[in-house]
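Coordinates in review
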Amino acid sequence: MKLSIVIVNYNVEHFLEQCLFSVRKATANIESEVYVVDNNSVDGSLKMLAEKFPEVKVIANKDNVGFSKANNQAIRISQGEYVLLLNPDTVVEDDTFTKTIEFMDSHPDAGGLGVKMVDGKGRYLPESKRGLPTPSTAFYKMFGLTKLFPHSKRFARYYLGHLDNDEINEVEILAGAFMLLRRETLDKCGLLDETFFMYGEDIDLSYRIILAGYKNYYYPKTRIIHYKGESTKKTSVNYVLVFYKAMEIFVKKHFADKGAKTFSFFINIAIYFKAFLAILSQFFSKAVQPMLDIVLGYSGLAAMSYFWGKAMVYDGIGTYPFTLFAIILPIYLTIWLVSSYFTGGYDKPYKVAPAVGGVFAGSFMILVFYALLPEQLRFSRALILLGMLWVSAEMSLTRWIGYLLKRPGFQYGKNAKKRFLVVGSEEETCRVKQLLQSTSIKPDFIGLIYPFEDDEISSSSVSDNYLGNLHQVPDVIEIYKITEIIFCSKDISHQSIIDKMEEWSSHLDYKIAPEDTLSIIGSNSINTRGDLYTIDIKTINTASNKRKKRLFDLTSSLFGIVFWIFIVFFIKNPFAFLKNCFKVLTGRYSWIGYCELKESDNLKLPKIKKGIFDPSANISKNGLTEEEKEQLNLMYARDYSLSKDWSFFIKAIRKV
């Protein structure tokens, strides 16, 4: 056995599927075995493996045992001369294994090898080659000097920035996403240290390979796509704590005689400093716009009320009492902002229309509230009108400025239309086109590209379907204002895919459609779920619809409780209805949920609360098959709207 490939999976079914398709191609002419160690995933990964990759040897853990232990489980029973540790969020080129094994065979001093990695846009990932994180190297990275001097031999040693990205070089540390290891080396230096749960185990093993007398090589003559770029997680507090604690473990283990205690002191300072920055970053990303609306909104309301009262009400000898400024105006502002929240004014990307719509809806509630106030608290309806205009103007202006400054999370006007190019054979491009049209993204344009450079399109039927070939894509992008390109991996090699990603514009989004799947994958991060298109993308799981669904549950339950004495004459079982109102009000249930199935839902719909009713409430359930129930669930999740909940609710309460 020449090669054993070990992949540790945890809840990334679609990425794993794409990875294994690329591995299957790359191992076509190599005596190999593939192990997938699953750390108790709940996303359907095991079922997918059984159905599509029967040749893969699966180790299904009942708990998440961590990266190191899971890899070791497979390494111990593997039989290959070489062992490859491969992340599930990667795509390898068709000749990656052939080239890297040939290099290892011709370099007996090589204990481990890493390759050139690019992200989902074809951009080089600096963690492809790394230096040993000595106290000084780690210090430079943690305090930002590596980023300031990216090509310095001293300050950028963590990423070996002084070495050419396209030249073979001896390096110290290999990336855990792709570590090709000689079996003989592992026997000598040992397996992964299970003290490291997630990060740091690749650094530790790479260093032990060097201590055992072998060399680690960076080999850029082949490439892989690695979707989880390190930069995508730097604002995560958990990442900061786990990653830097792993570095502390490494230093204590290997530099105990070289000031490890002093370094541990500084690394702990860095950990808390970085964690503090991460918390601030998360807070400001979520709170800065609401805080801006509160400060500017109240400032404008207070100034407007002061001058209006002084000029129009009190003839220049005074203004409104303190009660207005301390109580009434904050209440008005709260109603406007909360109303905007429920209309989507604080959903990202921030938009003007939902924010202003919420202000107008809030104004109606304020006018109702105003009529109920005692006489001494009803100051002026003009203030409500002026306040509505000011808050609408302020919210529009701040969002427009954010858009002009090209700040992330701001949008002006309607959603940007997605315009696709699909590269592949006629059969595959048509399949992907249908897949795109069945999702919730509503493509504005889908063009098809022939998957070769210069081959003429001879068939007239094919000519009508295709816009051009690979060589003509740059012109097609310009003419048709393309925003995303999808490659059909059945028809175009992964090497060509990466070539084109690097060659074409980095402003485009690139995705890959593996053969015989219902997913299209492409992202700079494995955590960017918005970049995963599947046939079962659901509108029910959007932030705005989850909020609307809960708001409907709350208002309908409160209405049912308050007016229950009148409703009893219109429903069959009023006491059961009242009981259900309290169940929904407490959040244990929703009024509308999925149809109950005897077996688990193969469509893997997003989780929602169990419903009092379901989409089949208006249909005779006699003879309703499991397939029909699954389809009802899919349609409800994919095409969810508030009106659907209302319709189901009104018709179903008569059957309580």
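Residues numbered from 1 in each chain as written. Predicted model: local features only at pLDDT ≥ 70, side-chain atom pairs only at ≥ 80, totals over all residues. Heavy atoms only, no water.

Re the overall build of the chain
Heads up, the rule is: Counting from the N terminus, the helices are DSSP H or I runs at least four residues long and the strands are E runs at least two residues long. Residue contacts are defined here by distance: any two heavy atoms, one from each residue, within 4.5 Å place the two residues in contact. A 1.4 Å probe and the Shrake-Rupley method give the accessible areas. Residues count as covered only by the protein chains that appear here.
Check the secondary structure of the chain and you find 22 helices and 18 strands. Excluding contacts between residues fewer than 6 apart, the proportion of contacts in the chain whose partners are at least 24 apart in sequence is 73%. Accessible surface, the chain as shown: approximately 31600 Å² in total, 59% of it carbon and sulfur.

Some remarks on the nonpolar core
Counted only if it meets this: Residues belong to a common nonpolar core when they are buried Ala, Val, Leu, Ile, Met, Phe, Trp, Tyr or Cys residues joined through side-chain atoms within 4.5 Å. Exposed residues in this analysis have more than 50% of their type's maximum accessible area, buried residues have under 20%, and partly exposed residues fall in between, with area computed by a 1.4 Å probe over protein chains only.
Ranked by size, the top nonpolar core spans 36 residues in total, and within it Leu-3, Ile-5, Ile-7, Leu-20, Leu-86, Phe-97 and Phe-178 carry the most contacts. Looking at this core element by element, the count peaks at six residues for helix 1 (residues 13-26). Among all residues touching Leu-20, those that are not within four sequence positions of it are Ile-7, Val-34, Val-36, Leu-49, Phe-53 and Val-56. Val-91, Val-118, Ile-477 and Ile-498 belong to the second largest nonpolar core, which has 26 residues in total.

Points about helix 4 (residues 96-106)
In plain terms, the rule: By arc we mean the arc of the directions from the helix axis to the C-beta atoms, nothing more.
Within helix 4, burial applies to Thr-96, Phe-97, Thr-100, Ile-101, Phe-103 and Met-104. Each buried residue of helix 4 lies within a common arc of 160° when the element is viewed along its axis, so the set occupies one face.

What to know about the packing of helix 12 (residues 352-372) against helix 13 (residues 381-404)
Our working definition: Axes here mean lines fitted to C-alpha atoms, for a helix over just the part in contact, with angles spanning 0 to 180 degrees between N-to-C directions. When describing relative orientation, an angle under 35 degrees is termed roughly parallel and one over 145 degrees roughly antiparallel, while 65 to 115 degrees is termed roughly perpendicular and anything else oblique. Rotating anticlockwise by less than a right angle from the far helix to the near helix defines a left-handed crossing, while the corresponding clockwise rotation defines a right-handed one.
The contact between helix 12 and helix 13 brings their axes to 9 Å, and the two run at 165°. Classified by the angle between their axes, helix 12 and helix 13 sit roughly antiparallel to one another. The handedness of the crossing between helix 12 and helix 13 is right-handed. Where helix 12 approaches helix 13, its residues Val-352, Ala-355, Val-356, Val-359, Phe-360, Ser-363, Ile-366, Leu-367 and Tyr-370 are matched on the opposing element by Arg-381, Ile-384, Met-388, Val-391, Ser-392, Met-395, Ser-396 and Arg-399.

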